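# Observations on chain architecture
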Amino acid sequence: MPSFTNLHKTMLISLTLMLSLLSNSVYADVEDGMYNPPQFKDLRDNPRMGSMDCLVAAMYHESRGESKFASVMVVVVITNRVKDVRRFPNGICSVVFAKNAFSFIGDKHSDEFKDLAQYKRLYKLAEYIMENRDVILPLMGDTDHYHEVKVKPYWSKAEGFKKISRVDNHVFYSSDW
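Residues numbered from 1 in each chain as written. Predicted model: local features only at pLDDT ≥ 70, side-chain atom pairs only at ≥ 80, totals over all residues. Heavy atoms only, no water.

## Topic: the state of the cysteines
Across all of its chains, the model carries one disulfide by this definition. Covalently, Cys54 is tied to Cys93 through a disulfide, its sulfur atoms 2.0 Å apart. Disulfide Cys54-Cys93: torsion about the S-S bond near 95°, hence right-handed. Of the two residues, Cys54 sits in helix H2 (residues 51–63) while Cys93 sits in helix H4 (residues 92–96), which places them 39 residues apart along the sequence. Looking at Cys54, the relative accessible area reads 1%, which means it is buried. (Disulfide = S-S within 2.5 Å. Helix = DSSP H or I, 4+ residues; strand = E, 2+ residues; numbered from the N terminus. Buried < 20%, exposed > 50% of the residue type's maximum accessible area, 1.4 Å probe, protein only.)

## Description of the packing of aromatic side chains
For the coordinates displayed, the defined rule picks out five aromatic pairs. Their ring planes at 45° and their centres at 6.0 Å tell us that Tyr119 and Tyr123 sit as a pair that is tilted. Taken together, the residues span about one helical turn, with Tyr119 and Tyr123 both in helix H5 (residues 116–131) at a distance of four residues. In this structure, Tyr119 and Tyr123 share a single accessibility class: buried. Both rings, one in Trp155 and one in Tyr173, keep their centres 5.2 Å apart while their planes meet at 80°; by these two values the pair is edge-to-face. Note that Trp155 is positioned in the loop between strand S2 (143–148) and strand S3 (161–167) and Tyr173 in strand S4 (residues 170–175), a separation of 18 residues in sequence. Residue Trp155 is classed as buried on the basis of its relative accessible area, which comes to 15%. Pairwise contacts between aromatic rings join Phe102, Tyr146 and Phe172 into one cluster. Stacked on the ring of Tyr60, the Lys or Arg Arg64 has its end atom at 4.4 Å from the ring centre. (Phe/Tyr/Trp six-rings, centres within 6.5 Å; stacked < 30°, edge-to-face > 60°. Lys NZ or Arg CZ within 6 Å of the ring centre and 35° of its normal.)

## Let's talk about the pairing of S4
By the criterion of burial, S4 is predominantly enclosed, with six of the six residues buried. Burial along S4 is two-sided: the residues His170, Phe172 and Ser174 and Val171, Tyr173 and Ser175 are all buried. Where S2 lies against S4, five bridges are found, and the strand directions are antiparallel. Looking at the pairing, His145 lines up with Tyr173 of S4. (Pairing = 2+ DSSP bridges.)

## Considerations on the confidence of the model for the protein chain
For the protein chain, per-residue confidence averages 78 on the pLDDT scale, and 69% of positions sit at 70 or higher. When the criterion is pLDDT under 50, residues 24–30 qualifies, and its contacts beyond four places in sequence or with other chains add up to nine contacts. (pLDDT = per-residue confidence, 0-100. Contact = heavy atoms within 4.5 Å.)

## Some thoughts on the environment of Ser63
Of note, Ser63 is situated in helix H2. For Ser63, a relative accessible area of 1% corresponds to the buried category. Here the alpha-carbon distance between Ser63 and Asn169, two residues 106 residues apart in the chain, equals 8.6 Å. The contacts of Ser63, once residues within four sequence positions are left out, are Ala58, Ala70, Ser71 and Val74.

## Description of the environment of Asp168
Within the secondary structure, Asp168 sits in the loop between S3 and S4. For Asp168, a relative accessible area of 24% puts it in the partly exposed group. Note: C-alpha distance between Asp168 and Glu148 (20 residues apart in sequence) is 9.1 Å. Beyond its immediate stretch of four places on either side in the chain, Asp168 contacts Glu66, Ser67, Ala70 and Val149. Polar contacts involving the side chain of Asp168 include one to the main-chain amide nitrogen of Ser67, which spans 2.6 Å. (Polar contact = N/O pair within 3.5 Å; in protein donor to acceptor, adjacent residues only side chain to side chain.)

Here it is in structure tokens:
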């Protein structure tokens, strides 16, 4: 179970209710031929990726195998960065592929989607989140950074970073620098 600060307990309850409502529909079978992932060893080589492709690529590589909460939080971080054009690139793909923004970018590992069923589930979840973004995304506030629990990046202790929550294997922050 994710550990949230007191500030976010109400948000967690709301998000839990929303995710439980969509749980069966998101994980239902998806028609063959739909939601086919781009297959490139390095996704930066694919100029035709749309915003949803980039969003799902980040969800897949950053939170695959974790809870829906973790996937939602990855989307929250990306969309909050898109809104903050003063500090981050404009557009989902620009945010996802920014240098050093996410660990799967430039890590020298293949970006191929090997678990097609998981990719399809995450695509459906991303669609649901974006269709309901005005309700879902504000629940987690200004979260705009995260890291795996096993690492301690220099910025996590820097002034202006506030720890918001831990969800599965990630710690999430908001920043005001």
